[in-house]
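Listed here are the chains, written in short residue letters.
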Amino acid sequence: MADVNIEEYPDRVADTYKDKTVFITGGTGFMGKVLVEKLLRSCSQLKKIILLVRVKKGKKPQERIKDIMNDPLFELVRKQQGPEVVKKVQAIGGDVQMADLGLSHEDRTIICAEADFIFHCAATIRFDEALRKAVLLNVRGTKLMLDLAKECKKLKVFVHVSTAYCHLHERVLEERVYPPPANPHHLIKTAEWMTDEMIDTITPKILGDIPNTYAFTKALGESLVADEMDNLPVVIMRPSIVIPVWKEPIPGWTDNINGPAGLLIGAGKGVIRTMYCNSDKYADFLPVDIGVNAMIVSTFDYLNHKQRRVYNLTSSSEYKISWSEIIEIGRTVIEQRMPLNNVAWYPGGSMKTSRLVHNICFYLFHMLPAIIVDALLVILGYKPVLMRVQKRISKGFEVFEYYANNQWDFENKESCKARNLMNPRERRNFKVDGDGIDYVDYFTDCVHCTRLYILKESDDTIPAARRHMKVMWIVDILFKTFFVVGMLYLLWTKVFKPLMGF
């Protein structure tokens, strides 16, 4: 490889998008933003990107796009291609949840006449979303997108972003189509005429043994896409747990604290002290830039080979990292490399394999301190905050525990075959594997970007955070020492001393 001049190879993936128009739903979400940035930067000869954007907080679609393009995520592409690159992104008002996607006749005409590629990324990813809203977004929205695709005169590929966790009854998920848990068309009709209250009442019966509306509706949406495989050039992408950027454009970048990053931040702030989890089990993680690269490469692969229609964007068949390893790495990062500001307590705690022990620790180390601190805040004239935080953590635990204490495996043989058809230049420009990852460095970058962009903790506060962490370590040791001494004293005075007759 050292003797090969990579630049001599063609970049067929980028060439696929030359002078083409891409239509994206969900482009203002986490994965959507990274997709837009990557297309602008690495497929720079594309003609235009059209984003379906809702009016939000009184801001019109194009105003929202300007705000998004000012994000640090787009700094590299602005630097490389100049500020004019923003003009390649056009916002069209609409909403996947609405009838006819909320599109005006004029905007629908533009999409149907110009779109060469469609990336359908829009979805509600809330696990506790009301069933009606989840059906309208994840199921009916997908059906309406497929209807739109049938009208697109130049359509080459329709990419549907599903999830690797939409067929939870399959302990080994293959890269093929599975039957849906219910009839998607019937559920759409039900959601359209029933009220929220009516559907909420029957939701448990509809879901059956599926734990949440997210997995249920994503499976239904995927089945609608699968049904159109003979009619449309559709491909299905199944990413696993999407986590912050690994390589580019900013290592560690994220716009949320969902998933493992949220656990690290909660533990690093000292507010998460216990979790019910089999720490020897492993989950499947996908850095968002790797997932986006795979989405872009899938269109090239389909157009040139037409062998694959379903791609599992998963990692655990090649790279396994257990929950206990994540905790140890997180502890190293928070304590030694990237401490956080204003930690409530010195990071500690552990994962419990016993629900009883976890529940006891949760009330002792989560709820009880929250009650005490909130009481002090009320006395001092401030609003209580910790109980609200702990309730959110408790709700998050409900989702985490199901996925952390069950094990799924994912086959990605077909995705690997597609990877092997790429030349060295394409594999460099659109990296779709985890070769070379250093987990400690990666999670350090994740925490660093979370400090900067989510918690708004600038780098110049890191030295003070390190000093504060040392103080909290001393406080933690003193508290544990006093607690143990106090317990021993109580045992001596209340139990052993009377028994011995002193």
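Residues numbered from 1 in each chain as written. Predicted model: local features only at pLDDT ≥ 70, side-chain atom pairs only at ≥ 80, totals over all residues. Heavy atoms only, no water.

Participant: Before we move on, could you go through the pairing of strand E2 (residues 48–53) and cite the residues and values that matter?
Facilitator: Counting buried positions along E2 yields 6 of 6 residues, so the element is predominantly enclosed. Taking every second residue as pointing to the same face, both faces of E2 are buried, with Lys48, Ile50 and Leu52 on one and Ile49, Leu51 and Val53 on the other. The pairing of strand E1 (residues 21–25) with E2 spans 5 bridges and is classified as parallel. Paired with Ile24 across the two strands is Leu51, which belongs to E2. Each parallel crossover has a hand, and for E1 linked through helix H2 (residues 30–42) to E2 it is right-handed. Alignment of E2 against strand E3 (residues 89–93), held across 5 bridges, turns out to be parallel. Bridge assignment links Ile50 to a residue of E3, and that residue is Gln90. (Buried < 20%, exposed > 50% of the residue type's maximum accessible area, 1.4 Å probe, protein only. Helix = DSSP H or I, 4+ residues; strand = E, 2+ residues; numbered from the N terminus. Pairing = 2+ DSSP bridges. Right-handed = clockwise from strand over helix to strand, strands pointing away.)

Participant: Before we move on, can you summarise the nonpolar core with the specific residues and values?
Facilitator: With 89 residues, the main nonpolar core has Ile24, Leu39, Phe119 and Trp323 as its most contacted residues. One finds Cys112, Cys152, Leu155 and Phe158 within the second-largest nonpolar core, a separate group that totals 51 residues. (Core = buried A, V, L, I, M, F, W, Y, C linked by side-chain atoms within 4.5 Å.)

Participant: Now, about the pattern of salt bridges: what can you tell me, with residues and values included?
Facilitator: With the rule as written, the count across this model stands at 29 salt bridges. Close ionic contact of Glu248 with Lys38 constitutes a salt bridge, the shortest N to O distance being 2.5 Å. Taken together, the residues Glu248 in the loop between strand E8 (241–243) and helix H10 (259–268) and Lys38 in helix H2 connect sequence positions 210 residues apart. Given the relative accessible area of 3%, Lys38 is considered buried. With its nearest N and O atoms 3.0 Å apart, the salt bridge here joins Lys150 to Glu228. Linking Lys150 in helix H6 (residues 131–151) with Glu228 in the loop between helix H9 (213–227) and strand E7 (234–239), this pair joins segments that are 78 residues apart in sequence. Using a relative accessible area of 13% as the deciding quantity, one classes Glu228 as buried. One continuous salt-bridge network, built from bridges that share partners, spans Glu37, Lys38, Arg41 and Glu248. (Salt bridge = Lys/Arg side-chain N within 4 Å of Asp/Glu carboxyl O.)

Participant: Break down the side chain of His366 for me, with residues and values.
Facilitator: By secondary structure assignment, the location of His366 is in helix H13 (residues 355–379). Within polar-contact distance, the side chain of His366 engages the backbone nitrogen of Arg273 at 2.7 Å. Leave out the neighbours within four places in its chain, and His366 touches Val271, Ile272, Arg273, Thr274, Cys361, Gln390, Ile393 and Phe397. (Polar contact = N/O pair within 3.5 Å; in protein donor to acceptor, adjacent residues only side chain to side chain. Contact = heavy atoms within 4.5 Å.)

Participant: Outline the environment of Tyr178, supporting the account with residue identities and numerical values.
Facilitator: Tracing the chain through its elements places Tyr178 in the loop between strand E6 (172–173) and helix H7 (184–193). On a C-alpha basis, the gap between Tyr178 and Ala219 in space is 8.6 Å, while along the polypeptide they are 41 residues apart. Within the structure, the side chain of Tyr178 is placed 2.8 Å from the backbone nitrogen of Glu174, a separation counted as a polar contact.

Participant: Could you give an account of the packing of helix H12 (residues 323–337) against helix H17 (residues 439–454), naming the residues involved and the relevant values?
Facilitator: Running from N to C, H12 and H17 cross one another at 60 degrees; their axes reach a closest spacing of 9 Å. Here H12 lies oblique to H17, going by the angle between them. The interaxial crossing formed by H12 with H17 has right-handed handedness. Two secondary-structure elements touch here, H12 through Ile329, Val333, Ile334 and Arg337 and H17 through Tyr439, Val440, Asp441, Phe443, Thr444 and Val447. (Axes fitted to C-alpha atoms, helices over the stretch in contact; angles between N-to-C directions. Parallel < 35°, antiparallel > 145°, perpendicular 65-115°, else oblique. Left-handed = near helix turned anticlockwise from the far one by under 90°.)

Participant: Please give an account of the sheet that holds E1 that cites residues and values.
Facilitator: Pairing is parallel in the open sheet, where 7 strands are placed in the order E3-E2-E1-E4-E5-E7-E11. With one partner strand each, in any of the chains shown, E3 and strand E11 (310–313) form the two edges of the open sheet. On average, adjacent strands in this sheet sit at an angle of 20 degrees to one another, irrespective of strand direction. Examined bridge by bridge, strand E4 (residues 117–120) and strand E5 (residues 157–161) share 4 bridges and lie parallel to one another. Note that in E5 the partner of Ile118 across the bridge is Phe158. Across the sheet, H6 touches E1, E4, E5 and E7, and the angle it forms with E4 is around 180 degrees.

Participant: Lay out the environment of Leu356 with the relevant residues and their values.
Facilitator: Within the secondary structure layout, Leu356 lies in helix H13. Using a relative accessible area of 61% as the deciding quantity, one classes Leu356 as exposed.

Participant: Hey, could you go over the UniProt feature "domain: Thioester reductase (TE)" (unreviewed entry) in the protein for me, with residue numbers and the actual values?
Facilitator: Per the UniProt entry, the sites bearing "domain: Thioester reductase (TE)" (unreviewed entry) are residues 24–295 in this numbering. In residues 24–295, helix accounts for 42% and strand for 14%; the two terminal C-alpha atoms are 12 Å from one another. (UniProt positions renumbered as here; feature names shortened; annotations may be inferred.)

Participant: Go over the UniProt feature "transmembrane region" (unreviewed entry) in the protein, please, and point to the residues and values.
Facilitator: When the UniProt feature table is mapped onto this chain numbering, "transmembrane region" (unreviewed entry) sits at residues 362–382 and 471–492. For the annotated span residues 362–382, helix accounts for 86% and strand for 0% of the residues, and the straight-line distance between the end C-alpha atoms is 25 Å. This span, residues 471–492, is 100% helix and 0% strand, and a straight line between its end C-alpha atoms measures 31 Å.

Participant: Would you mind going over the packing of aromatic side chains in detail, with residue names and values included?
Facilitator: In total, this model carries 13 aromatic pairs according to the counting rule given. Ring centres of Tyr17 and Phe117 lie 4.7 Å apart, and the angle between their planes is 35 degrees; this geometry places the pair in the tilted category. Taken together, the residues Tyr17 in the loop between helix H1 (12–16) and E1 and Phe117 in strand E4 connect sequence positions 100 residues apart. What makes Tyr17 buried here is its relative accessible area of 0%. Site record: aromatic cluster; members linked through ring pairs are Phe127, Tyr165, Tyr214, Tyr402, Tyr403, Trp408 and Phe410. Residue placement shows Lys38 over the ring face of Phe430; its charged tip is 4.9 Å from the ring centre. (Phe/Tyr/Trp six-rings, centres within 6.5 Å; stacked < 30°, edge-to-face > 60°. Lys NZ or Arg CZ within 6 Å of the ring centre and 35° of its normal.)

Participant: Go over the environment of Phe119, please, and point to the residues and values.
Facilitator: Mapped onto the elements, Phe119 comes out in strand E4. Remark: the alpha-carbon pair of Phe119 and Asp374, spanning 255 residues in sequence, is separated by 46 Å. Sequence-distant contacts of Phe119, defined by excluding residues within four places in its chain, comprise Tyr17, Val22, Phe23, Ile24, Thr25, Leu35, Val159, Met295, Ile296 and Thr299.

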